[in-house]
Amino acid sequence: MLDNNYVKKKIEIGKLNFGYKKAGQEHVFKFFNELNKIDQEVFLRQLSQVEVDQVSVLIQQAMSHKLTQDANKLEPLPQDVIDSSHSQWYQTGLQLIAENKVAVILMAGGQGTRLGSQIPKGCYDIGLPSHKSLFQLQAERIKRLQTLASSSYGKNSIIPWYIMTSGPTDVPTRQFFKQHDYFGLSKQNVLFFKQGVLPCFDLQGKFMLEEKGKLAVAPDGNGGIYNALHREGVIKSLKERGVLYSHCYCVDNSLAKVADPIFIGYCASRHTDVGIKVVAKNNPEEPVGVVARRNGKYGVVEYSEISAELANMRSHQDGNLVYGAANIANHFFSIDFLERVPSFADQLEYHVAHKKIPFIDVSTGEQVYPTKPNGIKLERFVFDVFGHCEAFSVLQVDRADEFAPLKNGSGAGVDCPETSRAAILNQAQRFITQAGGHYQDQSIEVEISPLLSYGGENLEKLNGKYIQKSCILNSLDDIYSQ
C-alpha cells in the first residue's frame, strides 16, 4: 500500500515540474534526484514560492526592453513643487507625531558588500567616540522625537518603526536589536518585515542554480518595498494604528533626520501623496540621480541618462544647475497612497542589472565562479512610483546636515566611515556654536547623543561655555564634569 505522504509529494513534484517546464525552466530539476530528502523538501518549498509564469514573462519583457527614454523630453522641477527647508512646518509635523499619525519605514536590506562588512549596514560602527551603530543613532533620534512630541503636546507619543530587511540581513538584524534591547524603544513598536526576492537568470533567460538544490535569487530592489508592505501585513498594521503618514529612508545615511517634523509638516500641509528630500548637486559631473519630470511625470533620472549639455545647464535667475535636485533616497508617503500602489503595480517596469553570479553548470554539475557579468538580476526602485502620484512635493535641504551616505570601505575618501564620522562630529560643532558655545581649540571632538538633541535644540545652557576637551555629550552635565 502506498504511503499517502509519498503520493502527495509525487503529485506536488509533478505539478511543479509541469509549471516550470511550461515556462521553459524545467532544467532546475536536473539534479533533484541527487538530493537527500531534507534538501528536496527545502528546494520544493523554494520552487513553490516562485510565481514561475509571472517571473518568466518579466524576464522576456526585460530582455526585449530597449531604452526608449529621450533625454530631450526631460523637464526641470516646476517651482510650485519644490521648497527649501523652513522651520515653519516644524510644529505641524511635531503635532502629527504627538497624535501618533506618523510612522518610520526603514530600508535596511543592504549587505554592505562595497563597504567590506560581514554584518548588515545598520549594525556598522563608523568610528564615533561612542561607537554607536547606524541603527542606534536612528533609534535614539526616534526616541528623542517621541520625548519632544510628548512634552510639547502632553500626549504619549509613539513613532512605530518598520524595518525592511532582506534574506541575508533579516536574522542578524533581528538579533542585533534583541541584543541591544531595541536601543531603549518598545519592542512592540519595532517591527521587521522582509523584502521579496526574484530568481537570477542567465543571458538566455534561464533560471540559475546557486546549488544543485537551490535557485540563485536576489532581492527585488528597494522598490520591492511596496509589494512587501502589503504581503507582510505592514499596511494593515499602519491602518490599525491610525497612522496617516510615513517617512521612508535608507539605512546608510548616517545623518538621516528620522521622522523629520519639518518634512512631515511640509508634505502633510500640502496634502502630499509622495514627497522627497533633495540636496543641491555638488557639480554637474556628480554621479547622482536627479529629481525631474520626464514625459510629464515626476521621477528620478539617473546621471547616465542626462547629456553633458543638460547636466551643465544653469538657471538665468540664480545660476544654479537646472537639473541639480540630487536624490538622497529620503521619502514621505501618505498611507492612502501606499495602499493604492497595487492598483498600478503592473505598470512599473523592472530594471535590469548585469552581475557576476556564481552558479551550477547544468551540463556538468560543476560550480562556476565567473570573472565577468554572466547573469541578470531584476529590481525595482523606490522612486518608480513617483509618476503615479497626484500630489508631489520636494524639499531641498542642506547636505551638511542631512546627507552623509555610507557606501564604501574605510580609506575610500568618499561616502565611507571616515566621512560619515566627520559629518556627525561637524554637525555637533555647528549645533554647539549656534547655541553660543565654543571649542577651546579645533582639535577637540564632541559627539552629541541624539537623546540629548535631535536637531540642535536643548543646548541653550552651552551659551558662553568653553568646551575644554573631547567628549560625548549624553547630557549637559557632561560639560560641567570636565
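Here, every reference points to the structure presented above.
Everything in this summary refers to the structure shown in the same document. (Residues numbered from 1 in each chain as written. Predicted model: local features only at pLDDT ≥ 70, side-chain atom pairs only at ≥ 80, totals over all residues. Heavy atoms only, no water.)

## What about the overall build of the chain?
When its secondary structure is counted, the chain shows 14 helices and 24 strands. Taking 482 residues into account, the globule formula puts the C-alpha radius of gyration at 23 Å, and the chain, at 25 Å, falls close to it. Viewed in the frame of its principal axes, the chain has a C-alpha envelope of about 85 × 55 × 45 Å. Looking at the 482 residues of the chain, the share that counts as buried comes to 51%. For the chain, the proportion of contacts with a sequence separation of at least 24, taken over those separated by at least 6, is 74%. Counting only carbon and sulfur atoms, one obtains 48% of the accessible surface of the chain, whose full area is about 23200 Å². Within the chain, one finds 51 positive and 53 negative side-chain charges whose respective centroids are separated by 4 Å. (Helix = DSSP H or I, 4+ residues; strand = E, 2+ residues; numbered from the N terminus. Rg over C-alpha atoms; globule rule 2.2 N^0.38 Å. Buried < 20%, exposed > 50% of the residue type's maximum accessible area, 1.4 Å probe, protein only. Contact = heavy atoms within 4.5 Å. Areas by Shrake-Rupley, 256 points an atom, 1.4 Å probe, with all protein chains shown as cover. Lys, Arg positive; Asp, Glu negative; His and termini not counted. Charge placed at Lys NZ, Arg CZ, Asp CG, Glu CD.)

## Notes on the packing of aromatic side chains
Using the criterion set out here, one finds 19 aromatic pairs in the structure. Ring centres of Y226 and F333 lie 5.9 Å apart, and the angle between their planes is 90°; on these two criteria the pair is classed as edge-to-face. Taken together, the residues Y226 in helix α7 (residues 225-231) and F333 in strand β15 (residues 325-334) connect sequence positions 107 residues apart. Overall, Y226 belongs to the buried group, its relative accessible area being 4%. An aromatic cluster of three or more residues is present, and its members are F135, W161, F176, F177, Y182, F183 and F192. The residue whose ring lies beneath K212 is F31, and the NZ or CZ to ring-centre distance is 5.1 Å. (Phe/Tyr/Trp six-rings, centres within 6.5 Å; stacked < 30°, edge-to-face > 60°. Lys NZ or Arg CZ within 6 Å of the ring centre and 35° of its normal.)

## Some points on the sheet that holds strand β19 (residues 375-379)
Judged by pairing direction, the sheet is antiparallel, and its three strands sit side by side in the order β7-β19-β16 without closing on themselves. The two strands at the open ends of the sheet, each matched to only one other strand, are β7 (201-202) and β16 (351-355). Looking at chain direction, β16 and β19 are connected through five bridges and run antiparallel. Note on β19: the bridge partner recorded for K355 is G375. Each of β7, β16 and β19 touches helix α3 (residues 52-64); the most contacted strand, β19, lies at about 105° to it. (Pairing = 2+ DSSP bridges. Axes fitted to C-alpha atoms, helices over the stretch in contact; angles between N-to-C directions.)

## Looking at unusual backbone geometry
Here the phi dihedral of D181 falls at roughly 50°; this positive angle occurs in a residue that is not glycine. Judged by relative accessible area, D181 falls into the exposed class, the value being 57%. Located in the positive-phi region is N458, a residue other than glycine, with phi close to 70°. Secondary-structure assignment places N458 in the loop between β22 (446-448) and β23 (466-467).

## Description of helix α4 (residues 90-98)
At 3.6 residues per turn, the α-helix brings residues three or four places apart onto the same side. Turning to α4, its buried residues are G93, L94, L96, I97 and A98. Tucked into the core, α4 has its buried residues touching β3 (102-107), α5 (134-153), β11 (245-250) and α9 (261-269). Once α4 finishes, N100 follows within two positions and takes phi at roughly 60°, a positive value.

## Regarding helix α13 (residues 417-434)
Between its first and last C-alpha, α13 extends 26 Å over 18 residues, near the 26 Å set by a 1.5 Å rise per residue. Buried within α13 are the following residues: P417, S420, A423, I424, L425, Q427, A428, F431 and I432. In the core, the buried residues of α13 are packed alongside α5, α12 (399-402), β21 (438-439), β22, β23 and β24 (471-473). Just downstream of α13 lies G436, where phi reads positive at about 95°. (Expected span 1.5 Å × (residues − 1).)

## Thoughts on the pattern of salt bridges
Applying the stated criterion across every chain yields a total of 20 salt bridges. Ionic pairing is found between K101 and E99, a salt bridge with its closest N-O pair at 3.3 Å. Residue class for K101 comes out partly exposed when judged on its relative accessible area of 27%. With a relative accessible area of 26%, E99 lands in the partly exposed category. (Salt bridge = Lys/Arg side-chain N within 4 Å of Asp/Glu carboxyl O.)

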